[in-house]
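# Topology and contacts: notes
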Amino acid sequence: MANRIPVGVLGATGMVGQNFIRLLENHPWFEVVYVAASPQSAGKTFAEAVKGRWHMSTPLPAKVSHLIVEDAGNVKAAQGKCALLFSAVDLDKKAIAALELAYAAAGFAVVSNNSAHRGTPDVPMVIPEVNPEHLDVIHCQRQARGWTTGCLVVKSNCSIQSYMTPIWALMQAGFAPKRIILTTLQAVSGAGYPGVPSLDIVDNIIPYIGGEEEKSELEPLKIFGRLENGVIVNNSEITISAHCNRVAVIDGHTACVSLEFAGAKPKLEEIIPLWRAFRAVPQELELPMAPKNPILYNDEPNRPQPRKDRDLDKAMAVTVGRLRKCHVFDIRFVGLHHNTVRGAAGGAILTAELMKAKGFIG
Ligand code: NAP
């Protein structure tokens with residue numbers, strides 16, 4: 001564990017930030033040396049700042065508990081302390097957009113969980129198993145913006161992770177998705193803490209999550225897009241219609257997906273072996289956070305289930321089940337992933353590992 005890269009977490013006291021602190025505790029490449037949050041937490045030790053609101057089921061890491069929390073709005077405070085910053089702050093989009101650019105301009109490699117820059121054409125939105133080559137846009141980003149060591153990379157919305165890798169595995173085998181209808185069942189931890197009031201969600205389903213359907217319909221098009229003239233150009237061949245629901249599950253987003261293909265259609269019996277055999281760059285590079293099997297197919301008729309499947313393979317695998325013929329489109333299936341790990345902190349750590357492996361973090 002010698003010579004680990006010093007890293008910081010912006011928004012370290014929040015739901016996603018705490019997952020970063022937990023997952024990075026024994027990371028072989030990265031060591032948390034810097035934590036920042038709102039002005040209300042600034043100046044306290046991390047242990048004081050999260051007193052009574054440490055939501056992880058593992059103890060607060062001793063090394064981080066003594067760090068003094070800085071104000072995430074103060075870029076200078078991080079200078080000279082770390083090279084890589086994970087961003088999990090929650091404030092209004094304009095403020096986050098400006099803040100993340102300021103950190104990148106100041107020389108930090110920034111990996112963000114926030115949506116503020118997901119639509120920015122020269123900012124790659126990466127799922128490491130799907131579009132690792134999009135990281136190459138960093139060269140153009142640096143050149144166009146006059147940055148040297150700094151860069152900005154974003155993670156996609158947590159809700160889309162359950163089906164992106166399974167669909168990509170089929171695209172890799174030569175099948176082209178044309179239309180997708182999906183219904184998500186999203187856990188309450190996706191709304192941060194304290195999130196949805198218990199009296200709203202217990203014994204209930206809320207068929208609306210602000211902005212989520214738009215993100216679910218647009219973000220896959222960028223991830224399935226191509227790098228051209230220094231920007232990412234969205235895929236224009238796919239149309240998606242999403243229904244996003246908040247359900248009374250703590251962790252684990254589920255998606256029920258119906259998929260229509262343009263051209264050749266895979267047979268049901270060839271899809272499951274394709275999913276089970278799927279491996280990608282993170283597995284080839286044996287990145288520390290990479291699941292051994294990115295897609296796990298469960299044959300049982302009543303799986304995947306959040307409580308039973310969300311933690312598989314470091315909570316980084318997508319579990320798929322219920323593959324069957326669709327009577328309107330071609331196929332349908334159910335996907336599940338851990339939203340605060342694969343869909344947030346773990347996915348961002350895997351992205352940073354890929355950036356390190358590709359030489360973007362010095
Ligand atoms: P959260 O639990 O509400 O945490 C928000 C964090 O932002 C806290 O550390 C908070 O610090 C900090 N913060 C609030 N106001 C601030 C300010 N004015 N200046 C600086 N820092 C400020 O939210 P979360 O669920 O962790 O989400 C964090 C981000 O990740 C959001 O952009 C969210 O959309 C995204 N995301 C969340 C998930 C998920 O599953 N939860 C998944 C993917 C992406 P204090 O503790 O000091 O208030």
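Higher on the page you've got the structure.
Described below are features of the structure shown in this document. Residue numbers restart at each chain and count upward from 1, following the sequence in its written direction. Restriction of local features to residues with pLDDT of at least 70 applies here, the model being predicted, together with a cutoff of 80 or more for giving and counting side-chain atom pairs; totals for whole chains, interfaces and linings are based on all residues. To obtain the side-chain values, all non-hydrogen atoms of the structure were included, while hydrogens and water were left out.

## Some details on the sheet that holds strand 13 (residues 295–298)
- We treat two strands as partners when DSSP finds at least two bridges between them. Numbered from the N terminus, helices here are DSSP runs of H or I no shorter than four residues, and strands are runs of E no shorter than two. Strand order in this open sheet of seven strands is 8-11-7-12-15-14-13, and the pairing throughout is mixed. Of all strands in the sheet, those with a lone pairing partner are strand 8 (205–206) and strand 13, marking the two edges.
- Direction of pairing for strand 13 relative to strand 14 (residues 318–325): parallel, over a ladder of four bridges. Paired with Ile-295 across the strands is Val-318, a residue of strand 14.

## A look at the nonpolar core
- In these notes, a set of buried Ala, Val, Leu, Ile, Met, Phe, Trp, Tyr and Cys residues joined through side-chain atoms within 4.5 Å is what counts as a nonpolar core. Each residue's exposure class comes from its accessible area (1.4 Å probe, protein chains only) as a fraction of the maximum for that residue type: buried when under 20%, exposed when over 50%, partly exposed otherwise. Counting residues in each nonpolar core, the largest one holds 58 residues, and the members touching the most others are Tyr-103, Tyr-163, Trp-275 and Phe-333.
- Looking at this core element by element, the count peaks at seven residues for helix 6 (residues 161–172).
- Grouped together as the second largest cluster of nonpolar side chains are 46 residues, Val-35, Leu-84, Ala-109 and Ile-138 included.

## Side note on the site of the ligand
- Being near a molecule or strand, for a residue, comes down to having at least one heavy atom within 4 Å of it. Around the ligand sit 27 residues, and of these Thr-13, Val-16, Ser-38, Ser-41 and Asn-114 come closest.
- For the purposes of these results, a polar contact is taken to be a pair of N or O atoms within 3.5 Å, where, inside protein, one atom must be able to donate a hydrogen and its partner to accept one; residues adjacent in sequence count only when each atom of the pair is a side-chain atom. Within the backbone of Met-15, an N or O atom sits 2.8 Å from an oxygen atom of the ligand.
- Tyr-193 places a polar main-chain atom, nitrogen or oxygen, 3.4 Å from an oxygen atom of the ligand.
- Here the ligand, which alone exposes 900 Å², has 82% of that area covered by the protein.
- When contributions to the shell around the ligand are tallied by element, the ones reaching two or more residues are helix 1 (15–23) and helix 13 (341–357).
- The residue classification treats Ala, Val, Leu, Ile, Met, Phe, Trp, Tyr, Cys and Pro as nonpolar and Asp, Glu, Lys and Arg as charged. All others, Gly included, are polar. Classifying every residue of the shell around the ligand gives twelve nonpolar, 13 polar and two charged.
- Split by domain, the residues of the shell around the ligand number at least three in each of domain 1 (5–157 + 345–357) and domain 2 (159–338). Here, Shrake-Rupley sampling with a 1.4 Å probe gives the accessible areas, and only protein chains in the shown set may cover a residue. The split of the chain into domains comes from an automatic or database domain assignment.

All we've got here are geometric facts, nothing functional implied.
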